[in-house]
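# Summary of the model geometry
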Amino acid sequence: EGALPPLHSGKLLLVSVPEDSALDSVTLLDAQLGALADLRVLAILRKDGSAQFAHRDLVIHEGDTLLAVGDPTRLDRILTLGALEFSPSPTEDFR
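Computed from a prediction, not measured in an experiment: that's the story for all the values here.

Moving on, we get to the nonpolar core. What tends to happen in soluble globular proteins is that the nonpolar side chains get buried as a cluster. Core analysis: the biggest nonpolar cluster contains 18 residues, and L28, L33, L39, V41, I44, I60 and L66 have the highest contact counts within it. Among the elements of the structure, β1 (10-16), α1 (28-31), α2 (33-37), β3 (40-45) and β6 (65-70) are those that each provide at least two residues to this core. For V41, the contacting residues outside a window of four places in its chain are L28, L33, A54, L66, L67 and A68.

Here you go:
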């Protein structure tokens, strides 16, 4: 119960949490990014420059950047809600 999904293939992504995001102050578990966009968060890069490895009770804050594995085409649902912003960057397939 509440376990993170297994690591899967996809692109390594940087996804930003904008101001007024619905995900501000929400845990990774409650954000349900895996269910909504098949996105696996590996770490959160904080705006103060610190980084934390992902775990289900880690809280997301506006200004954070999520280091994740997933398919960028599956982010539409979250991007449309304004909860996240995709930061296109050169990445390689992660398998």
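Moving on, we come to the pairing of β6. Summarising burial for β6: five of the six residues are buried, a large majority. Across six bridges, β1 lies against β6 in antiparallel orientation. Paired with L14 across the two strands is L67, which belongs to β6. Bridge count between β3 and β6: five bridges; the pairing is antiparallel. Among the inter-strand pairings, R40 is bridged to a residue of β6, identified as V69.

What counts, and at which threshold
Along each chain, the written sequence defines residue order, and numbers are assigned to residues from 1. Note on the predicted model: pLDDT of at least 70 is required for a residue's local features to be given, and 80 or more for side-chain atom pairs to be given and counted; whole-chain, interface and lining totals, by contrast, use all residues. Note that water and hydrogens are dropped before the side-chain values are worked out from all heavy atoms of the structure. For the purposes of this section, nonpolar cores are sets of buried Ala, Val, Leu, Ile, Met, Phe, Trp, Tyr and Cys residues that join through side-chain atoms within 4.5 Å. Buried, partly exposed and exposed residues are distinguished by accessible area as a fraction of the type maximum, computed with a 1.4 Å probe on protein chains only: under 20%, between the cut-offs, and over 50%, respectively. Here a strand is any run of E in DSSP of at least two residues, a helix any run of H or I of at least four, and the numbering for each starts at the N terminus. Contacts between residues were defined by any pair of non-hydrogen atoms, one from each residue, lying within 4.5 Å. Two strands pair if DSSP finds at least two bridges between them.

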